[in-house]
Amino acid sequence: MTESIYRQLQERLDQYSMGFPATESGIEIKILRYLFSEDNARMFLALTHNLATASSIAINLNRSETEVAAQLEDMTDKGLVFRVKKENSPRYAAIPFVHGLFEFQVKNIEPELAKMVEEYFDEAFDKTMLENAEYFLRTIPVNQSIDVTRQVATYDDAIEILKTKPRIVVTDCICRKSKTVLDEGCGKTMEACFMFGSMGQYYLDKDMGREVSLAEATTILENCRDAGLVTQPATSQNPTGMCNCCSDCCGVLKALNKHPKPAEMVFSNHLARVDSDECTGCEQCLDRCQMNAVLMNDDELAQVDPDRCIGCGLCVITCPVEAIKLIPKPQATLRLPPANTAEQMFLMAQKRGII
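Residues numbered from 1 in each chain as written. Predicted model: local features only at pLDDT ≥ 70, side-chain atom pairs only at ≥ 80, totals over all residues. Heavy atoms only, no water.

Trainee: Just checking my understanding: could you explain the sheet that holds strand 1 (residues 52–53) for this structure?
Mentor: To summarise the sheet geometry, strands pair through backbone hydrogen bonds and adopt either a parallel or an antiparallel arrangement. Strand order in the open sheet formed by 3 strands is 1-3-2, and the pairing between neighbours is antiparallel. Pairing within the sheet leaves two strands with one partner each, and these edge strands are strand 1 and strand 2 (82–84). Here strand 1 runs beside strand 3 (residues 91–93); their pairing, made up of 2 bridges, is antiparallel. Counterpart to T53 in the pairing with strand 3 is R91. Where helix 5 (residues 65–77) meets the sheet, its contacts fall on strand 2 and strand 3, and the angle it forms with strand 3 comes to roughly 60 degrees. (Pairing = 2+ DSSP bridges. Helix = DSSP H or I, 4+ residues; strand = E, 2+ residues; numbered from the N terminus. Contact = heavy atoms within 4.5 Å. Axes fitted to C-alpha atoms, helices over the stretch in contact; angles between N-to-C directions.)

This is how it looks when you write it as structure tokens:
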């Protein structure tokens with residue numbers, strides 16, 4: 001019976017976002033047992049991705065509203081459900097494993113969980129991340145990497161995305177935090193992930209992040225760029241979050257690096273190109289690239305592999321002689337991100353064959 005409730009929980013989570021696939025080792029069940037008591041697992045299974053009040057959930061369960069509300073608040077504190085507070089009537093919803101259960105452990109993640117998640121990624125989750133990366137996070141160029149004479153769509157400009165947000169919340173990167181508690185951290189900027197809207201408010205409510213001004217957010221973004229991090233908002237024109245990732249720790253970038261043609265797997269509208277007449281062969285761009293997309297040719301000059309370049313622009317701002325430019329992909333291949341999170345999740349579910 002106990003095994004059954006956790007298997008049901010795994011199967012439910014596998015329906016959300018990028019999924020939560022089963023493994024031969026059963027490591028996913030160990031993760032769920034670590035996070036959920038049996039009672040909390042049952043409560044999670046009573047929820048959907050649609051927000052609902054404790055009162056309506058209690059009616060469906062034929063339980064006391066007071067008991068249900070208390071349990072949901074406890075689960076919120078543990079990062080096991082999503083909550084939106086409106087006036088005096090909080091509403092609750094089920095959440096995916098990513099972005100959700102895993103990220104919501106950012107404040108208190110322990111080595112035991114970090115190790116299990118690392119094993120799970122290696123066995124199964126990196127594959128599902130790779131298959132669904134394009135509708136989870138998209139790569140946009142770092143500021144200063146695009147020719148200012150060319151207009152950049154707002155949804156491809158990190159600063160412009162920040163300008164549209166009435167509230168900006170910054171939090172630690174769960175990927176780097178997880179690696180750090182295992183003594184495997186890369187040492188790069190920790191406070192690097194932005195949350196917006198109701199998701200940002202959730203992070204504030206749970207003391208997992210802090211609100212920052214546009215000016216401070218811009219400085220954080222610049223520091224991330226200088227540290228060589230890839231800016232990746234959610235794949236939506238109105239994203240609820242924006243990460244700054246490294247290939248040492250980030251699950252998405254690590255999964256992409258295992259693919260022979262990462263460029264085919266991501267949602268990106270740009271590509272780096274080297275002017276061989278200007279390149280001096282200093283090799284600074286090689287270390288900067290997170291996708292191993294830059295190599296040296298027979299003339300000892302830098303050359304970009306279009307199959308691996310995801311268009312982040314880090315190599316562009318690194319080049320001391322400005323020999324690298326970021327250019328738009330051919331017009332026929334340019335893509336418009338989904339309008340909002342709902343469309344983003346619909347397209348991901350459609351790609352996964354869930355709907």
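Trainee: Can you help me understand the pairing of strand 8 (residues 241–245) in this one?
Mentor: Along a regular strand, successive side chains alternate from one face of the sheet to the other. Where burial is concerned, most of strand 8 is hidden: 5 out of the 5 residues are buried. Because side chains alternate across strand 8, one face comprises the buried residues G241, C243 and C245, and the other comprises M242 and N244, equally buried. Bridge count between strand 5 (residues 191–196) and strand 8: 2 bridges; the pairing is antiparallel. When the bridges of strand 8 are listed, F194 appears paired with M242. Pairing analysis gives 4 bridges linking strand 7 (residues 230–233) to strand 8, with the strands arranged antiparallel. In the sheet register, P233 faces strand 8, and the bridge partner there is M242. (Buried < 20%, exposed > 50% of the residue type's maximum accessible area, 1.4 Å probe, protein only.)

Trainee: When you look at a negative patch on the surface in this model, what are you seeing that I'm missing?
Mentor: On the surface, a cluster of negative charge is contributed by E283, D287, D298, D299 and E300. Residue D298 is classed as exposed on the basis of its relative accessible area, which comes to 82%. (Patch = residues over 30% accessible without salt bridge, like charges linked within 9 Å, V, L, I, M, F, W, Y side chains within 5 Å. Areas by Shrake-Rupley, 256 points an atom, 1.4 Å probe, with all protein chains shown as cover. Salt bridge = Lys/Arg side-chain N within 4 Å of Asp/Glu carboxyl O. Lys, Arg positive; Asp, Glu negative; His and termini not counted. Charge placed at Lys NZ, Arg CZ, Asp CG, Glu CD.)

Trainee: Looking at this structure, how should I read the confidence of the model for the chain?
Mentor: Detailed reading of the predicted model is not advised wherever pLDDT is low. Of the residues in the chain, 95% reach a pLDDT of 70 or more, and the chain-wide mean stands at 90. Contacts for the low-pLDDT stretch residues 148–153, under 50 throughout, to residues beyond four places or in other chains number 5 contacts. (pLDDT = per-residue confidence, 0-100.)

Trainee: Would you mind showing me how to read the state of the cysteines here?
Mentor: Cysteine pairs can be linked by a disulfide, which is a covalent bond between their two sulfur atoms. All chains considered together, the criterion is met by 0 disulfides. Left without a disulfide partner, C224 is nearest to the cysteine sulfur of C193, which lies 8.1 Å away. Cysteine C246 remains unbridged, with the sulfur of C186 as its closest cysteine sulfur at 3.8 Å. Residue classification places C246 among the buried residues on the basis of a relative accessible area of 0%. (Disulfide = S-S within 2.5 Å.)

Trainee: Just checking my understanding: could you explain the sheet that holds strand 6 (residues 209–212) for this structure?
Mentor: Spatially, 6-4-5-8-7 is the arrangement adopted by the 5 strands of the open sheet, whose pairing is antiparallel. In the strand order of this sheet, the two ends are held by strand 6 and strand 7, each with one partner. The average undirected angle you get between the axes of adjacent strands in this sheet is 30 degrees. Where helix 10 (residues 197–205) meets the sheet, it contacts strand 4 (168–172), strand 5 and strand 6, and its direction lies at approximately 125 degrees from that of strand 5.

Trainee: So what exactly am I meant to see when it comes to the packing of helix 4 (residues 54–61) against helix 5 here?
Mentor: Describing two packed helices takes the angle between their axes plus the distance from one axis to the other. Running from N to C, helix 4 and helix 5 cross one another at 115 degrees; their axes reach a closest spacing of 9 Å. For the pair helix 4 and helix 5, the crossing hand works out as right-handed. Here A54, S55, I57 and A58 of helix 4 lie close against helix 5, whose contacting residues are E65, V68, A69 and L72. Looking at the contact of helix 4 with helix 5 residue by residue, the class counts come to 6 nonpolar, 1 polar and 1 charged. (Left-handed = near helix turned anticlockwise from the far one by under 90°. Nonpolar A, V, L, I, M, F, W, Y, C, P; charged D, E, K, R; others polar.)

Trainee: Just checking my understanding: could you explain helix 7 (residues 111–132) for this structure?
Mentor: Because the α-helix completes a turn every 3.6 residues, residues three or four places apart line up on one side. With 22 residues, helix 7 extends only 27 Å from end C-alpha to end C-alpha; this falls clearly short of the ideal 32 Å at 1.5 Å per step. Remark: the principal bend of helix 7, roughly 65 degrees, maps to F121. (Expected span 1.5 Å × (residues − 1). Bend = angle between axes of the 7 residues up to and from the residue.)

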